[in-house]
Amino acid sequence: MATEDLETLGTLNYYLLEGYYRHVQVTVLEATRKYGSDPVLSLYKGLSLLHEGQIQECIREMQLIKDKSTVDLASHALLAHAHKRCRNVDKETVAALDARMKELRKRASEQQIYFLIIVFWHIKNIKSARDFADRLVKQNENFKQAIILKSWIELTSGRDMTAKKAGRLFDQGLAENKDPFGYIGRARCLIKTKKYSHAMESVNQVIVGFPNFVPAQAERMRIYLALMNWDQMVESAQKLLNMKSQYPEALILLTLNTITQNGRFSEAVNQLSELIQAIDRFEPQNPLLYFRCGRLFATVAGRNIQILNQTMTLVERAISLDDNNVEFAIEMAKQLFLMGKFKESNAQYKKCMQLDESSVHALLGSLTCQLVAMDNNIPLQQERNELQDIQDQLEFLTEIKDSTNIDAELFHLKAIHGRLNGRPSEELTEILEAARQTHFKNLGNTPLGADYFMQLNTDFLMMLVSELFNLIPSQPLNSGHASTPALKCVDMVLTTLNQVAPGMHEALFSRSKTLFIAGDMDGAMAMLEKCLENDVTFSPAHLLRAEIHEQHGNYAAVGKYLDTALSYNFEIREHPKYHLLKAKTQKHANDLDEAIKTLKIAMSLPGVKKPLSSFQTKVASSRKSTIPLDNGDRLSIFLELVEAHTSKNETHEAAKVMQDAINAFRGTPEEVRVKIANADLSLKRGDVEQALTMLRAIQPSQPYYIQAKQKMANIYLNHRKDRKLYTSCYRDLYETMPSNHTSLLLGDAYMKVQQPDNAVKIYEAALRKNPRDGALASKVGQALTTTHDFKKAITYYETAMKNGQKWLRFELALLLIKLKNFNKAERVLQAEPDGGEAGESGLEKAMSESKRLTLLANLYRETKRPDDEMATLNKARDVQAKVLKRVQIEQPDQIQEEKLKASNICCQLANYSRTVENNLQNAVKYLKEALIYCENDVKVMLELAKIEMQLGNDEGCQQYCQQVLRITHDNNDQASMMMADVMFNKKQYQDAIYHYEKLLDGRPDHYEALARLIGLLRRGGRLKDVDHFLSAAEKKSGRGKCEMDAGFQFCKGIYQWYCGRAADALSLLNRSRCDSEWNEKALEMMIRICLNPDQQTLGGEVFDSLSVGNDRSSAPSSNNNALSTAERLVKEFPSNDDPYKGQVLESLVLVASKSKPNAERALTIFVDICQKKREYVPALLGMAIAYQILKQTPRARNQLKRISKMQWTHEDAEDLESGWLLLADLYITAGKYDMASDLLKKCLEHNKSCCKAYEYLGFIYEKEQSYKDAASHYDTAWQYSNQNNPVIGYKLAFNYLKAKKHVEAINVSHKVLQIHPEYPRMKKEILDKARLALRV
């Protein structure tokens, strides 16, 4: 029997409860095939017919079963109710039925009473149903079905505090009972108390026991939605549709997912069409279902006309089935309003008021139409929409609204009315905030689902947002500026919308605009990314991206996004904002004429000189071809034009445009901005007093008051040079508008004028009012540090940490590290905070841990603990990777900042690998990882280029340099210089020199580039050209300034050294070593000059034999003086960039003494360095020289062979060259002239001015008795030594003599003797013999 089939009965009750009446009839038909004609099934069929409005069919059905014992009482009750629903009520029949019911009740069984309760429940006679259920349960406490039915009645009664009571009853009814409908009821109770996981367990129990029970699948779908698990909801909906084709609830939720989560409106239109077909087929007589679907999707449609056409079809279907229902007619009027058909909407509202004169919603809708029409200057028929009349009606509605739940809509209308009446923005903000609070309060505890979205009414919220945007500034707030109440209100509305409906791109775009105005550019950009994920063709998002980049000064990106917006929507070029941003990029490129033309085009477009109506704005925002233009953008066009004219000294034109702006924005919130801009114009004209007068006129109650005060303060500081008045502006601001923000401004002002004591007082006073404000607490510590009262600063940080401000431990640790108090800093960083910060999330803890580890790694670097540093950095890298995974979901606006932190950690790891481990491959790996996080990080690219060059990968280096130059628009000196080095490595000497010449043409006083160019010209054999560049720099800066400029002195010093004038070079370098920028380079160069003033090959043996009699070096006393100078200088060497360079120079001083004990000490240091940093060229060269001093030539040769196999790099160029020369020296000594020649030619490939290489080659040819070739090479060496080296001069003259070139020998001899008159043997052995040979 059907009465025993709990699954079928549960399904029938569920469908009746949900309002799926035709589904009831279909289920009855299916059950009849299974059980035959059953009166219980007929009873349910009669209930469904009654709800469909088929009264007579219901009566006929009940007449057939009214005498069936099981349902006789229930059928009589249903008959009586059906007769009462007839147009002409047969009172006698009703009386007879009531009398018969009384008789039947006297002898009714529990089963008969049970079905009577079912009827009362489904016909909404809750009182009778509850009374009979109470009696039935009292009579038989073991009647489980009755207890479950009573539970359902309590749950659906609409009374407060019934969910828990119903839940207890369900538990009682389900004891030893597996009624699926009971489990569904218990799940509903748990949903009401927000115990969703327990509700899911209850539903899952049903699905396990009754896998084909449709209600269980439907409830599981709803629970997933309440849990905001949209993916699982969609999966459940698909399963349900497989079980029950075109089940309405599944189709509704799938369409809701498409619109609210994915933002795919075109797909939603097709889904709505399918939904309409499903209702037409399976619920054709269900006007309420048509109405509910139409209303739901109209509220979330975002005024999409295609969707509204479908929802209008649904409402029309509902009205066709029940044309007397006023609620249906009101919904039609609302949808006409959403379509922008205000006249038709207002007329429909009038009809509704005729149908029901007491309809508050109809009157409210009519007033909405009138106000919006008035706002947009649209006449409605022949009516005069007087504001006073509307105000009277609003007051009337306020009086009668108590039971109508229209408070939020009423507040919204009052705000529009107030704006049209010119009410203050503060008052309007309060009204709209009340509307927001009331609206969200009405949502109550409704779980996420179709009912939630219907009550949420996203369209109404977007109207609130639109109204609030009229009250907030259009330009980004200054950093730290307190958010306005209207901005906070709109942000709260949009935050909720973005959470529950992330697919609504209009809401996402509005939120990104809110974040942009609040000054959170990263957050705005993250929101725009989400918005464009939904609709990549949404042009306003591309324009806002361009505007954000314009705020950052990244005008290349501005142009890129303008082009992107134009590619998706060609009509965007007719929008003023497009021209505004384009003009800004032109102005940045100093193309003022084009900028003025572009701005004039913008001024001529609709909506600029005169604003569009709000209706036009809304219509524009719903179309991709047009984008709404707010007052802020309108004013920006005026002000940009003023600024462009001013930049061209067209003050008259600028004044005319400014006057137009004053007239256009009088009485608007932007009027104050016009005054501030007018003050700027006066300031540029030199009228400081007029500017101050304008700024003083701005009152505290007006917008942009803080900006006006800041502008006034800057005038006092920068133009009047009056620090007292500067701080008084901020003090007035603080006294007028006391807040955290103004406290920070005043404190920062005191800090700027170097009054940290006053700043500390202000910060501390503000901190007492806001003890949990981290920014203020940090400011106090920083101010105390600025006063150099470090003890007090440390005490403050420690006290603050004890009081719960644990985040200050990082600032304390940083201060301790700066003070070199490493032990205490390590204790602070290693100490675990007690339980972390109160309310600190898992993500925030991970961020804090990443920061702690990074600081700890810095401490280990300072204390020379490389192993600990590496381990800590790796931990920080792992933690930051976890942060990045979570921050994308939990705090997407922080993603860029966290990526930057991850990139910095990778850079530190790369620096460790490069400087400590000398593992360049690892360094490249870490730097490439850093580029993944910050793909346009110029510093990382330059570091990669530098390492690629060291690895000999010129192509890789060039690629990174080109990327840098592309990003910086050919405006990066380091990249240009490295490109030159790459060209040099490729033996493209002219191209290499060209890069430097191009750089120095624009900036002759760029001394770093000049120093590199001097080195490059030397290597290119063009040392003579250096004078030209030194003269250009001297001309640019002036002779007097150059004499004092350390950079210029350094460049001149290295030039003198390359020309062989050691004394002059030392004098010039000595001037530059006192400068912090040039100190290290100058000291290194001076030390090397002192160690080898004659530029000989240290450790070489070839020319030692010539020292006897030829005096190749200075006198012993002079040599000792140079060595002692080198010892003194090496103690000053800072060794900032390379930790081993200082040790190498110190050891070279020991080697230069040529003492065996010193050489052994130096060798120990060199070996230790090479163990720590393999392939370190300066240390390897030092080892080779030390071995030579110790007469261990084979070992020296082994080290030099390692050097000869290494790739040439700019950084190690001098040491590599010295190593090759020394190895060539050893080969010449061993008689291996071919091998020596190869090395010397290699030297000359990289340094065409290497006179020592030419000297060695000359020596080889001399030994081979090829005197002409020897003379040729000696002559080149003589020229590149600037004819200053007497030894080379002597050799040249000697080989000229041998080659029978007596005149040339005499000329060279004269030159040598002119500089060195006492040079040994020159006169006797060369000059006299050459003269004698000529006479002969």
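Worth saying up front: this structure is predicted, and the values here are computed from it rather than measured. (Residues numbered from 1 in each chain as written. Predicted model: local features only at pLDDT ≥ 70, side-chain atom pairs only at ≥ 80, totals over all residues. Heavy atoms only, no water.)

Draft legend 1. Focus on the overall build of the protein. The secondary structure content of the protein amounts to 73 helices and 0 strands. Against the compact-globule benchmark of 34 Å for 1336 residues, the protein has a radius of gyration of 45 Å, which places it well outside the compact range. The principal-axis extents of the C-alpha atoms in the protein amount to approximately 165 × 75 × 60 Å. The long-range share in the protein, meaning contacts at least 24 apart out of those at least 6 apart in sequence, stands at 59%. Per element, the accessible surface of the protein, about 60200 Å² overall, is 47% carbon and sulfur. Charge-centre separation for the protein: the mean point of 176 positive side chains lies 3 Å from the mean point of 167 negative side chains. (Helix = DSSP H or I, 4+ residues; strand = E, 2+ residues; numbered from the N terminus. Rg over C-alpha atoms; globule rule 2.2 N^0.38 Å. Contact = heavy atoms within 4.5 Å. Areas by Shrake-Rupley, 256 points an atom, 1.4 Å probe, with all protein chains shown as cover. Lys, Arg positive; Asp, Glu negative; His and termini not counted. Charge placed at Lys NZ, Arg CZ, Asp CG, Glu CD.)

Draft legend 2. Quick look at the environment of Asn953. Assignment of secondary structure puts Asn953 in the loop between helix H51 (938-950) and helix H52 (954-967). Put simply, Asn953 and Gln1207 are 254 residues apart on the chain and 9.6 Å apart in space, counted from C-alpha to C-alpha. At 3.0 Å, the side chain of Asn953 forms a polar contact with the backbone nitrogen of Gly956. (Polar contact = N/O pair within 3.5 Å; in protein donor to acceptor, adjacent residues only side chain to side chain.)

Draft legend 3. Representation of helix H37 (residues 671-684). Counted at 1.5 Å a residue, the expected span for H37 with its 14 residues is 20 Å, and the 20 Å between its end C-alpha atoms agrees. Among the residues making up H37, those that are buried are Val672, Arg673, Val674, Ile676, Ala677, Asn678, Ala679, Leu681, Ser682 and Leu683. Positive backbone phi, at 90°, marks Gly686, one or two positions downstream of H37. (Expected span 1.5 Å × (residues − 1). Buried < 20%, exposed > 50% of the residue type's maximum accessible area, 1.4 Å probe, protein only.)

Draft legend 4. Quick look at the pattern of salt bridges. A complete count under the given rule lists 58 salt bridges for this structure. In this structure, the salt-bridge partner of Arg130 is Glu154, at a minimum N-O distance of 3.3 Å. One end of the pair, Arg130, is in helix H8 (residues 126-139); the other, Glu154, is in helix H9 (residues 144-155), and 24 residues separate them in sequence. Grouping residues by exposure puts Arg130 and Glu154 together as buried. A salt bridge links Lys150 to Asp134; the nearest nitrogen and oxygen atoms lie 3.0 Å apart. Of this pair, Lys150 sits in helix H9 while Asp134 is found in helix H8, placing the two residues 16 residues apart along the sequence. Connected through shared salt-bridge partners, Glu18, Arg188, Glu219, Arg222 and Glu249 make up one network. (Salt bridge = Lys/Arg side-chain N within 4 Å of Asp/Glu carboxyl O.)

Draft legend 5. Local environment of a negative patch on the surface. Side chains of Asp389, Asp392, Glu395 and Glu399 sit close together on the surface and give a patch of like negative charge. Turning to its location among the elements, Asp389 is positioned in helix H22 (residues 387-400). (Patch = residues over 30% accessible without salt bridge, like charges linked within 9 Å, V, L, I, M, F, W, Y side chains within 5 Å.)

Draft legend 6. Summary view of the confidence of the model for the protein. Mean pLDDT over the protein stands at 84; residues scoring 70 or higher make up 93%. Low confidence marks residues 614-626, where pLDDT is under 50. Its contacts with residues over four positions away, or in another chain, come to 23 contacts. Low pLDDT, under 50, characterises residues 1107-1115; the stretch is placed with 16 contacts to residues that sit more than four places away or in other chains. (pLDDT = per-residue confidence, 0-100.)

Draft legend 7. Broad picture of the nonpolar core. One finds Tyr44, Tyr247 and Phe453 to be the most contacted residues of the largest nonpolar core, which totals 203 residues. Sequence-distant contacts of Tyr247, defined by excluding residues within four places in its chain, comprise Tyr14, Tyr15, Tyr20, His23, Val214, Ala218, Leu240 and Leu241. (Core = buried A, V, L, I, M, F, W, Y, C linked by side-chain atoms within 4.5 Å.)

Draft legend 8. Seen up close, a positive patch on the surface. On the surface, Lys102, Arg105, Lys106 and Arg135 cluster together to form a positively charged patch. The leading source of residues in the positive patch is helix H6 (residues 91-106), at 3 residues. What makes Lys102 exposed here is its relative accessible area of 51%.

Draft legend 9. Representation of the packing of H37 against helix H39 (residues 705-718). As a packed pair, H37 and H39 sit with axes 10 Å apart at the nearest point and diverge in direction by 15°. Of the possible angle classes, the one that applies to H37 and H39 is roughly parallel. In this structure, the crossing between H37 and H39 has a hand that is left-handed. Residues Ile676, Asp680 and Leu683 of H37 touch H39, and the partners they reach there are Gln707, Ala708, Lys711 and Ile715. Among the residues forming the contact of H37 with H39, the class breakdown is 4 nonpolar, 1 polar and 2 charged. (Axes fitted to C-alpha atoms, helices over the stretch in contact; angles between N-to-C directions. Parallel < 35°, antiparallel > 145°, perpendicular 65-115°, else oblique. Left-handed = near helix turned anticlockwise from the far one by under 90°. Nonpolar A, V, L, I, M, F, W, Y, C, P; charged D, E, K, R; others polar.)

Draft legend 10. Examining the side chain of Thr872 more closely. If you trace the backbone, Thr872 turns up in helix H48 (residues 866-890). Judged by relative accessible area, Thr872 falls into the buried class, the value being 7%. Those residues in contact with Thr872 that lie beyond four places of it in its chain are Leu853, Leu856, Ala857 and Tyr860.

Draft legend 11. The arrangement of unusual backbone geometry in detail. Its identity as a non-glycine residue notwithstanding, Asn590 has a phi of 65°, on the positive side. With respect to the secondary-structure elements, Asn590 resides in the loop between helix H32 (576-588) and helix H33 (592-603).

Draft legend 12. Looking closely at helix H60 (residues 1079-1091). With 13 residues, H60 extends 18 Å from end C-alpha to end C-alpha; this agrees with the ideal 18 Å at 1.5 Å per step. Among the 13 residues that make up H60, 11 are buried, leaving the element largely enclosed by the rest of the structure. Among the residues making up H60, those that are buried are Asn1079, Glu1080, Ala1082, Leu1083, Glu1084, Met1085, Met1086, Ile1087, Ile1089, Cys1090 and Leu1091.

Draft legend 13. Looking closely at the packing of aromatic side chains. Across all of its chains, the model carries 21 aromatic pairs by this definition. On the basis of an interplanar angle of 85° and a centroid distance of 5.5 Å, the ring pair of Phe509 and Phe538 is categorised as edge-to-face. Of the two residues, Phe509 is situated in helix H28 (residues 505-518) and Phe538 in the loop between helix H29 (521-534) and helix H30 (539-552); the sequence distance between them amounts to 29 residues. A relative accessible area of 5% places Phe538 in the buried class. Within the aromatic cluster, the residues linked to one another by ring pairs are Trp121, Trp152, Phe170 and Phe181. Sitting over the face of the ring of Phe132, Arg135 holds its NZ or CZ atom 4.8 Å from the ring centroid. The side chain of Lys513 reaches across the aromatic face of Phe469, ending 5.3 Å from its centre. (Phe/Tyr/Trp six-rings, centres within 6.5 Å; stacked < 30°, edge-to-face > 60°. Lys NZ or Arg CZ within 6 Å of the ring centre and 35° of its normal.)

Draft legend 14. Expanded view of the state of the cysteines. Across all of its chains, the model carries 0 disulfides by this definition. Cys58 supplies the cysteine sulfur nearest to Cys86, a cysteine that is in no disulfide, at a spacing of 9.2 Å. Residue Cys1250 stays outside any disulfide, its sulfur separated by 5.3 Å from that of Cys1243, the closest cysteine. (Disulfide = S-S within 2.5 Å.)

Draft legend 15. Representation of the environment of Gly1060. Counting through the fold element by element, Gly1060 comes out in the loop between helix H58 (1046-1058) and helix H59 (1062-1072). Of the residues examined, Gly1060 reaches a relative accessible area of 36% and is grouped as partly exposed. Here the alpha-carbon distance between Gly1060 and Asp1094, two residues 34 residues apart in the chain, equals 7.6 Å. Excluding anything up to four places from it in sequence, Gly1060 contacts Gln1095 and Asn1284.

Draft legend 16. The environment of Phe143, seen in detail. Within the fold, Phe143 resides in the loop between H8 and H9. Sequence-distant contacts of Phe143, defined by excluding residues within four places in its chain, comprise Glu110, Gln111, Tyr114 and Leu136.

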